[in-house]
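# Tertiary structure, described
This is what each chain is made of:
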Amino acid sequence: MDIETCPSTDADAVRRMRAIFAANAHPLYTFLLRLTRGQRELAEDLLQETMLRAWRRLTELPTEADTVRRWLFIVARHLVIDAARARAARPTEIYGVDVAWLPSAENAFDEIVDRFALADALRQLTPEHRAVLVELYYGGASVAETANRIGIPEGTVRSRSFYALRAARGVLDRVDELVS
């Protein structure tokens, strides 16, 4: 139904609700976004429910803009509390995701073991050796860039990377012996 075809009292109510929405929707959404810890969809749903409750009680709402805003914020806060209680009362929802289309390695378990072994090997290196390897291999930096970032000569970067790789290989070889 268009506003022009509404009876005069309904048209006034629609105009008032539009004015309330225009004046309060953005600050209320921001407030709800904070309370829902950034969950946009939930904040939008709660904003919609708050405005729906305002529409249902439009004749009971005060005429002062500040009082209406205060009422909206209180209703929104109560809706957030109710939503949190409802989520806590029921078990966690688990969605079935079809992962068949995702690309995967032939043996994901081996990849995970390798990552843990590599992380362990890095932890066993000296901080100087670890810093060089992280810059070169994880950061993708060249020898010159690594030398600049760490503040050591390029020759030292090469030397440290050589000895760090040798030490890491030793740790990884011990892991391989344990696994096999």
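Residues numbered from 1 in each chain as written. Predicted model: local features only at pLDDT ≥ 70, side-chain atom pairs only at ≥ 80, totals over all residues. Heavy atoms only, no water.

## With respect to the layout of surface pockets
When its volume is computed, the second largest pocket comes out at roughly 150 Å³. Around the second largest pocket, the lining residues are Leu118, Leu122, Leu133, Tyr137, Tyr138, Leu165, Ala168, Arg169 and Leu172. Looking at the lining of the second largest pocket, the elements that each hand over two or more residues are helix H4 (108-124), helix H5 (127-138) and helix H7 (154-179). For the lining of the second largest pocket, the leading source of residues is H7, giving four residues. (1 Å grid on protein atoms, 1.4 Å probe; cavity = no way out; pocket = protein on both sides within 12 Å on 5 of 7 lines; lining within 4 Å. Points joined across faces, edges and corners; volume = space filled by probe spheres on them. Helix = DSSP H or I, 4+ residues; strand = E, 2+ residues; numbered from the N terminus.)

## Considerations on H5
Of all the positions in H5, only Val132, Leu133, Glu135 and Leu136 are classed as buried. Considered in projection along H5, the buried side chains sweep an arc of 165° and stay on one side of the axis. In H5, the exposed positions angled more than 90 degrees off the buried face are occupied by Pro127, Tyr137 and Tyr138. Phi turns positive one or two residues past the end of H5, at Gly140, with a value near 70°. (Buried < 20%, exposed > 50% of the residue type's maximum accessible area, 1.4 Å probe, protein only. Arc of directions from axis to C-beta.)

## Some remarks on the packing of H5 against helix H6 (residues 143-150)
Relative to each other, H5 and H6 sit at 135°, their axes nearing to 9 Å. Relative to H6, the element H5 is oriented oblique. Every pair of crossing elements has a handedness; the one defined by H5 and H6 is right-handed. Across the interface between the two elements, Ala131, Val132, Glu135 and Leu136 of H5 pack against Val143, Thr146, Arg149 and Ile150 of H6. (Axes fitted to C-alpha atoms, helices over the stretch in contact; angles between N-to-C directions. Parallel < 35°, antiparallel > 145°, perpendicular 65-115°, else oblique. Left-handed = near helix turned anticlockwise from the far one by under 90°. Contact = heavy atoms within 4.5 Å.)

## Section: the side chain of Thr36
For Thr36, the position within the fold is in the loop between helix H1 (8-35) and helix H2 (40-56). Separated by 2.8 Å, the side chain of Thr36 and the backbone oxygen of Leu32 make a polar contact. (Polar contact = N/O pair within 3.5 Å; in protein donor to acceptor, adjacent residues only side chain to side chain.)

## Observations concerning a negative patch on the surface
A contiguous patch of negative charge on the surface is contributed by Asp110, Asp114, Asp173, Asp176 and Glu177. Broken down by secondary-structure element, the contributors of at least two residues to the negative patch are H4 and H7. When residues of the negative patch are assigned to their parent elements, the largest contribution, three residues, is made by H7. With respect to the element layout, Asp114 can be found in helix H4. (Patch = residues over 30% accessible without salt bridge, like charges linked within 9 Å, V, L, I, M, F, W, Y side chains within 5 Å. Areas by Shrake-Rupley, 256 points an atom, 1.4 Å probe, with all protein chains shown as cover. Salt bridge = Lys/Arg side-chain N within 4 Å of Asp/Glu carboxyl O. Lys, Arg positive; Asp, Glu negative; His and termini not counted. Charge placed at Lys NZ, Arg CZ, Asp CG, Glu CD.)

## Focus on the nonpolar core
By size, the foremost hydrophobic cluster in this structure holds 21 residues, and its most contacted members are Ile20, Leu28, Leu32 and Leu72. Residue assignment for this core shows that the elements contributing at least two residues are H1, H2 and helix H3 (65-89). Among the elements that line this core, the one with the most residues is H1, at seven residues. Those residues within four positions of Leu28 in sequence are excluded, and the remaining contacts are Leu47, Thr50, Met51, Leu72, Phe73 and Ala76. (Core = buried A, V, L, I, M, F, W, Y, C linked by side-chain atoms within 4.5 Å.)

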